[in-house]
Amino acid sequence: MRIEIDGTRLWNELGTLAGFSDTPRPSVTRIVFSDQDARARAYVKGLFTDAGLAVREDAVGNTFARWEGREPALAAIGTGSHIDAIPHAGAFDGTVGVLGGLEAIRALQRAGVRPRRSLEVLLFTSEEPTRFGIGCLGSRLLAGSLDAGAGETLRDKDGRTLNEVRTAAGFDGDLAGVRLGPGYYAGFVELHIEQGPLLERDGVPLGVVTAIAAPASLRLFFEGEGGHAGAVLMPARRDAFLAAAEVALAVEAAAKESGAVDTVGTAGVCEVFPGAINSIPSRVKLELDIRDIDGDRRDAVLRKVDEAIAEICGRRKVEARKEVINADSPAVCDASIVSALSTACERHGLAHRKMVSRAYHDSLFMARLAPAAMLFIPCRGGFSHRPEEYASPEAIAQGALVLAEAMATLAL
Ligand code: GLV
Ligand code: MN
Ligand code: MN
């Protein structure tokens, strides 16, 4: 069996997909269930169909493209990732895993492989939290890690429910039906850009992921008292933004003081009401993202943040309310999938390193459903979630090659 990746075709397809964006190249903005998302989905589904794959979509828009194996009743081997992109992102986050997964399957078809197990490439809905506030929406529902009832009540910024928005995008049916049984996949492998600098810095072409860090996100609402920016004197103020600002700094301090460089904390959303230069902020929404490869250490940071909120808001006489959006456990990748990936790298003479993923991925939830692992390729400067995100055509083709090799082994 000689597997050959059509790197030029894959590169061109990634370029076409990047054009479905609400912001001009090189930036990509593709919010789930937007018009551009619909156009991108139609493009990718067309590619799936052209490859002879049977396409199925579930009620939340997760899309499965299946190449039937010799024994279709057996649990399948899955691959895939997402095509939604946060505002002003790049062209490679997620997309490499979807189109690279497709090219891996096409390469196996061209090589004359007839796998025993079916192979499936997935396009997961809304890995990014941009629209509904929670990341990995599609894979959470697949794994049963988000209750369908809780899913129904999610709303976007405009107050539209997930149900309204998905129905308008052509996906209806019961969200509870999205959940997959534990025997559906015999293995899952996600190809992704590293989103960090290590592989490029050390000249290592591939990373085999052994664990995925535990993400948590919180939504905080602060309520103080508004008023005239000239007339209300400083001792009388209950400024909601200043309380939020102190909490953001407390998150930074708690992450830095955790004792490990693996702890990270970010305050990426801050909405100030009424948002006028000459008005004291009366209400603020602050969203926090706190992660660690060690779930207990991450939870200790969450507790410190709670203490900081109580102290800061007590002192400033500002009310605070907290919603936990998610506080997920880390995922440990499966030893047999890690080993299939390592062996596939070796078979093609490609060096690899074992590493952890600090970003989260749909594999965090697929690992709850099936033995799972991930394959990373280098990206320039480690840039991601910004327009400068770039992975070379060679790196992408090498990733697809090793993915194809590993899937062929797992599907035997
Ligand atoms: C995924 O996009 C993440 O934020 O890790
Ligand atoms: Mn991302
Ligand atoms: Mn991603």
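Residues numbered from 1 in each chain as written. Chains lettered and ligands numbered in written order. Predicted model: local features only at pLDDT ≥ 70, side-chain atom pairs only at ≥ 80, totals over all residues. Heavy atoms only, no water.

1. Focus on the coordination of the manganese ion (ligand 2)
So, step 1. At this site the manganese ion (ligand 2) is bound by Asp93 (OD), Glu128 (OE) and His385 (NE2), with donor distances of 2.0 to 2.2 Å.
So, step 2. Spacing between the donor residues of the manganese ion (ligand 2) along their common chain follows D-x34-E-x256-H.
So, step 3. Between the manganese ion (ligand 2) and the manganese ion (ligand 3), a spacing of 3.7 Å is present, and a bridge between the two is formed by Asp93. Of this pair, Asp93 sits in the loop between strand 5 (85-89) and helix 3 (95-110) while His385 sits in the loop between strand 17 (372-377) and helix 12 (393-410); the two residues are 292 residues apart in sequence, bridging distant segments of the chain.
So, step 4. The exposure class assigned to His385 is partly exposed, which follows from its relative accessible area of 37%. (Donors = N, O, S within 2.8 Å, 3.2 Å for Na, K, Ca; no water. Helix = DSSP H or I, 4+ residues; strand = E, 2+ residues; numbered from the N terminus. Buried < 20%, exposed > 50% of the residue type's maximum accessible area, 1.4 Å probe, protein only.)

2. Thoughts on helix 3
So, step 1. Look at helix 3: 22 Å from first C-alpha to last across 16 residues, which is about the 22 Å you get at 1.5 Å a residue.
So, step 2. A large share of helix 3 lies buried, amounting to 14 of its 16 residues. (Expected span 1.5 Å × (residues − 1).)

3. Section: the nonpolar core
So, step 1. Formed by 108 residues in total, the largest nonpolar core has its most connected members in Leu53, Leu142, Leu341 and Ile377.
So, step 2. The element contributing the most residues to this core is helix 12, with 12 residues.
So, step 3. Setting aside its immediate chain neighbours within four residues, Leu142 contacts Asp58, Asn62, Phe64, Leu122, Phe124, Val178, Arg179, Leu180, Met366 and Leu369.
So, step 4. Listed in part, the 23 residues of the second largest apolar core include Ala216, Phe222, Val251 and Val301. (Core = buried A, V, L, I, M, F, W, Y, C linked by side-chain atoms within 4.5 Å. Contact = heavy atoms within 4.5 Å.)

4. Some words on the packing of helix 1 (residues 7-18) against helix 2 (residues 35-50)
Each pair of packed helices gets described by two things: the angle between the helix axes and the distance between those axes.
So, step 1. As a packed pair, helix 1 and helix 2 sit with axes 10 Å apart at the nearest point and diverge in direction by 155°. Comparing the axis directions of helix 1 and helix 2 gives the class roughly antiparallel. As for the relative orientation of helix 1 and helix 2, their crossing is right-handed in sense. Every residue of helix 2 that contacts helix 1 at Glu13, Thr16 and Leu17 is listed here: Ala40, Tyr43, Val44 and Leu47.
So, step 2. For the contact of helix 1 with helix 2, a count of residues per class yields five nonpolar, one polar and one charged. (Axes fitted to C-alpha atoms, helices over the stretch in contact; angles between N-to-C directions. Parallel < 35°, antiparallel > 145°, perpendicular 65-115°, else oblique. Left-handed = near helix turned anticlockwise from the far one by under 90°. Nonpolar A, V, L, I, M, F, W, Y, C, P; charged D, E, K, R; others polar.)

5. Regarding the sheet that holds strand 13 (residues 283-292)
Backbone hydrogen bonds hold the strands of a sheet together, and the pairing may be parallel or antiparallel.
So, step 1. If you trace the four strands from one edge of the open sheet to the other, you get 11-13-9-14, paired in antiparallel fashion. The outermost strands of the open sheet, each flanked by one partner alone, are strand 11 (264-273) and strand 14 (319-327). Adjacent strand axes in the sheet meet at a mean angle of 15°, parallel and antiparallel pairs treated alike.
So, step 2. In the packing of helix 9 (residues 295-316) onto the sheet, the strands contacted are strand 9 (214-223), strand 13 and strand 14, and the crossing angle to strand 9 comes to about 10°. (Pairing = 2+ DSSP bridges.)

6. Remarks on the coordination of the manganese ion (ligand 3)
So, step 1. Around the manganese ion (ligand 3), the protein supplies His82 (NE2), Asp93 (OD) and His192 (NE2) as donor atoms, at distances of 2.0 to 2.3 Å.
So, step 2. Taking relative accessible area as the criterion, His82 reaches 0% and is therefore assigned buried.
So, step 3. For Asp93, a relative accessible area of 8% translates into the label buried.

7. Some thoughts on empty space enclosed by the protein
So, step 1. On inspection of all chains with the given rule, the structure shows one cavity of 30 Å³ or more.
So, step 2. Lining the largest cavity are Val28, Arg30, Ile83, Asp84, Ala85, Gly90, Ala91, Phe92, Asp93 and Thr95.
So, step 3. Residue classes in the lining of the largest cavity are distributed as five nonpolar, two polar and three charged. (1 Å grid on protein atoms, 1.4 Å probe; cavity = no way out; pocket = protein on both sides within 12 Å on 5 of 7 lines; lining within 4 Å. Points joined across faces, edges and corners; volume = space filled by probe spheres on them.)

8. Quick notes on the environment of Val28
So, step 1. Note that Val28 resides in strand 1 (residues 28-30).
So, step 2. Given a relative accessible area of 2%, Val28 falls into the buried group.
So, step 3. Along the sequence, Val28 and Leu401 sit 373 residues apart, while their C-alpha atoms lie 26 Å from each other.
So, step 4. When neighbours within four sequence positions are excluded, Val28 is seen to be in contact with Ala18, Ser21, Thr23, Ala85, Ile86, Pro87, His88, Ala89, Gly90 and Ala91.

9. What to know about helix 9
So, step 1. With 22 residues, helix 9 extends 31 Å from end C-alpha to end C-alpha; this agrees with the ideal 32 Å at 1.5 Å per step.
So, step 2. The complete set of buried residues in helix 9 reads Gly295, Arg298, Val301, Leu302, Val305, Ala308, Ile309, Ile312 and Cys313. With its buried residues spanning 125° around the axis, helix 9 presents them on a single face. Helix 9 presents Asp296, Glu307 and Ala310 as exposed residues on the side facing more than 90 degrees away from its buried surface.
So, step 3. Contact partners of the buried residues in helix 9: strand 9, helix 8 (240-256), strand 13 and strand 14.
So, step 4. The N-terminus of helix 9 is capped by Asp294, whose side-chain oxygen sits 2.9 Å from the backbone nitrogen of Asp296.
So, step 5. Just downstream of helix 9 lies Lys317, where phi reads positive at about 55°. (Arc of directions from axis to C-beta. Polar contact = N/O pair within 3.5 Å; in protein donor to acceptor, adjacent residues only side chain to side chain.)

10. Overview of the layout of surface pockets
So, step 1. Considering only enclosed or pocket space, the second largest pocket measures out at about 220 Å³ in volume.
So, step 2. Every residue lining the second largest pocket is listed: Phe221, Phe222, Glu223, Glu271, Val272, Phe273, Arg283, Val284, Lys285, Glu319, Ala320 and Arg321.
So, step 3. Here the lining of the second largest pocket is composed, by residue class, of six nonpolar, no polar and six charged.

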